[in-house]
Amino acid sequence: MKRIYMLLISVFQVLNLTAQTNDQEQIRKFYDLALTQGKAYDWLNYLSNQIGGRLSGSVQAEQAVTYTRAEMDALGLDRVWLQPVMVPKWVRGTPEFAYLESKPGYTSNIPICALGGSVATPPGGVKAGVVEVQSLEELESLGREKINGKIVFFNRPMDPKLLNTFQAYGGAVDQRSSGAARAAAYGAVGVIVRSMNLRLDDYPHTGSTNYGDLPDKDRIPAAAISTNGAEFLSTTLKLNPEVQFYFKLNCKQLEDVQSYNVIGEISGSSKPEEIMVVGGHLDSWDLGDGAHDDGAGCVQSMEVLRLLKKSGYKPKRTIRVVLFMNEENGLRGGRKYAAEADQKGEKHVFALESDAGGFTPRGFGFDSSDSDFEKIMGWKDLFEPYLSDHFTRGGGGADIRPLKKEGMVLAGLRPDSQRYFAHHHAQNDTFEHVNRRELELGAAAMTSLLYLADKYELGSTGN
Ligand SMILES: [Zn+2]
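Here's a quick rundown of the structure. What you see as residue numbers is a count from 1 along each chain, following the sequence as written. Two thresholds apply to this predicted model, a pLDDT of at least 70 for residue-level local features and 80 or more for giving and counting side-chain atom pairs, whereas whole-chain, interface and lining totals are computed over all residues. Processing note: side-chain calculations cover all non-hydrogen atoms of the structure and skip hydrogens and water entirely.

A look at the sheet that holds strand S1 (residues 79–91)
One bridge is not enough; two strands pair if DSSP finds at least two bridges between them. In this description a helix means any DSSP run of H or I spanning at least four residues, a strand means any run of E spanning at least two, and both kinds are numbered starting from the N terminus. One open sheet accounts for eight strands, arranged S1-S10-S12-S11-S13-S16-S14-S15; its pairing is mixed. One side of each edge strand has no neighbouring strand; the edge strands of this open sheet are S1 and strand S15 (390–393). Going from strand to strand, the sheet's axes swing by 20° on average, the running direction of each strand aside. In this structure, strand S11 (residues 271–281) lies alongside strand S12 (residues 317–324), joined through eight bridges in parallel fashion. If you follow valine 278 over to S12, its bridge partner there is valine 321. Along the sheet, helix H8 (residues 291–311) makes contact with strand S10 (252–266), S11, S12 and strand S16 (409–415), crossing S11 at roughly 145°. Sheet contacts for helix H10 (residues 370–377): strand S14 (361–367), S15 and S16; angle to S15, the most-contacted strand, approximately 175°. Angles here are taken between N-to-C directions and fall from 0 to 180 degrees, while the axes themselves are lines fitted to C-alpha atoms, restricted in helices to the stretch in contact. It only takes one pair of heavy atoms within 4.5 Å for two residues to be counted as in contact.

What follows is the structure, encoded as structure tokens:
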């Protein structure tokens, strides 16, 4: 009896080892294909250099929809389609302008850009004294008496001590997203925010600001200045609190326009009703060409389906690439996709997003049940040779978050984040700052994860 038992154990061990070897070989194949015959970089080149920045509602966003749809068609997927979604259209207008004036006639120009969603300044611009604060709380403590008629300058830097720079971003971005709405309540005439950037340089970084339900007449113009500009203004203010700041924004919010999520899929061979999504967002800010944010995530997601097909792997489940529209200033694409999935009663079991830049992949973050996370941790060794085995809890991404249901697993690619915020939402988020191999390694890591999630039915309790 004992011998039969021992025999069974060794049979299981052999089976387990064989599965492990098969997985190693399959993953090696994905990496080899990505690194020798990859398409992601060429796609990104076109998106960045032939199309450029793809703000929702722009001609470039429309061109990106047409282009990626045609490229997906050429991959020979089982189905490619456009999902209509209405998106907000905000335009920057002619370039912004700002200076500080230390005494009448003595001015220094400051690099500035309007925050997405901001109202314009009056045609002659805004000129006023400046109150520097480090936080929304400090603004509140000063109150109307100190703020009325002034430009509020939010100058709390991202925390350089944090290794995960997304945490540093999360710890500072409330100034950009809510600063204008909060300062307006105390009678401020404008808001300027230190750019969300860990580096000292001359690029202003845009990003959404949100007025909430503040009536149009009470909205005040909001802009970001470069980190060097912020340091300069802060120092000048300490020497001379009477400094005046001038800025002029020419932006405008227009009516919503029709746009699309671009979707393609490989139908599952045995469980086609179980859907796994891989995606990024096709829109971008307008200052650069959106190569890192999030052209990289889009082309990596398309590459996942191409690599799966090219390797000859036949997924059991349906694998869908979704290029979401309007992540940056509305999230309409992500919401529309989830709402329609719900309406149709589609069963999504797993979703993976790449929206953290096209840098060297280090691993993934996961939002899952304990038992699914245990399963995932069992795959760590397979990623170790590729230095992408840093698996942590907490993950997903803005576009796939609305899909989340009990039992479903969300994941986010986690590239090295040290350089990301030097480019994020700025003029220097451009193609030449994406490294071909780093981009390809990310696509291979994502493909490997999708493969394992398919084979071992991750999130199978989802509905
Ligand atoms: Zn993004």
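Structure shown, so let's carry the discussion forward.
Notes on the coordination of the zinc ion
For a metal with four tetrahedral donors the ideal donor-metal-donor angle is 109.5 degrees, while six octahedral donors give ideal angles of 90 or 180 degrees. Metal sites are built from N, O and S donor atoms within 2.8 Å, or 3.2 Å for Na, K and Ca, and they leave out water, so they may look incomplete. Distances from the zinc ion to its protein donors, namely His281 (NE2), Asp293 (OD), Asp355 (OD) and Asp355 (OD), fall within the range 1.9 to 2.8 Å. Geometry is assigned from donor-metal-donor angles: four donors are tetrahedral when every angle falls between 85 and 135 degrees, four are square planar and six octahedral when opposite donors sit over 155 degrees apart with all other angles between 65 and 115, and any other arrangement is irregular. Geometry at the zinc ion is irregular, judged from its four donor atoms and the angles of 50 to 146° they form at the metal. Donor residues for the zinc ion sit on one chain with the sequence pattern H-x11-D-x61-D. Taken together, the residues histidine 281 in strand S11 and aspartate 355 in the loop between strand S13 (347–353) and S14 connect sequence positions 74 residues apart.

Notes on the sheet that holds strand S2 (residues 97–103)
An order of S3-S2-S9-S5-S6-S7-S8-S4 is seen for the eight strands of this open sheet, with the pairing classed as mixed. Each having just a single partner strand, strand S3 (106–109) and strand S4 (112–114) make up the two edges of the open sheet. Each strand of the sheet is rotated relative to its neighbour by a mean of 30°, with strand direction disregarded. Relative to strand S9 (residues 244–248), strand S5 (residues 126–133) runs antiparallel, the two being bridged by four bridges.

Re the packing of helix H2 (residues 40–51) against H8
Contact geometry of H2 with H8 gives a least axis separation of 9 Å together with a crossing angle of 140°. The orientation of H2 with respect to H8, classified from their angle, is oblique. Handedness of the H2/H8 crossing: right-handed. Counting all contacts with H2, which are made through Ala40, Trp43, Leu44, Leu47 and Ser48, the residues of H8 involved are Ala291, Gly295, Ala296, Val299, Met302, Glu303 and Arg306. Each residue receives one of three labels: charged for Asp, Glu, Lys and Arg, nonpolar for Ala, Val, Leu, Ile, Met, Phe, Trp, Tyr, Cys and Pro, and polar for the others, Gly being one of them. Split into classes, the residues belonging to the contact of H2 with H8 amount to eight nonpolar, two polar and two charged. Convention used here: angles under 35 degrees read as roughly parallel, angles over 145 as roughly antiparallel, angles from 65 to 115 as roughly perpendicular, and any remaining angle as oblique. Take the far helix as the reference: if the near one is turned anticlockwise from it by less than a right angle, the crossing is left-handed, and if turned clockwise, right-handed.

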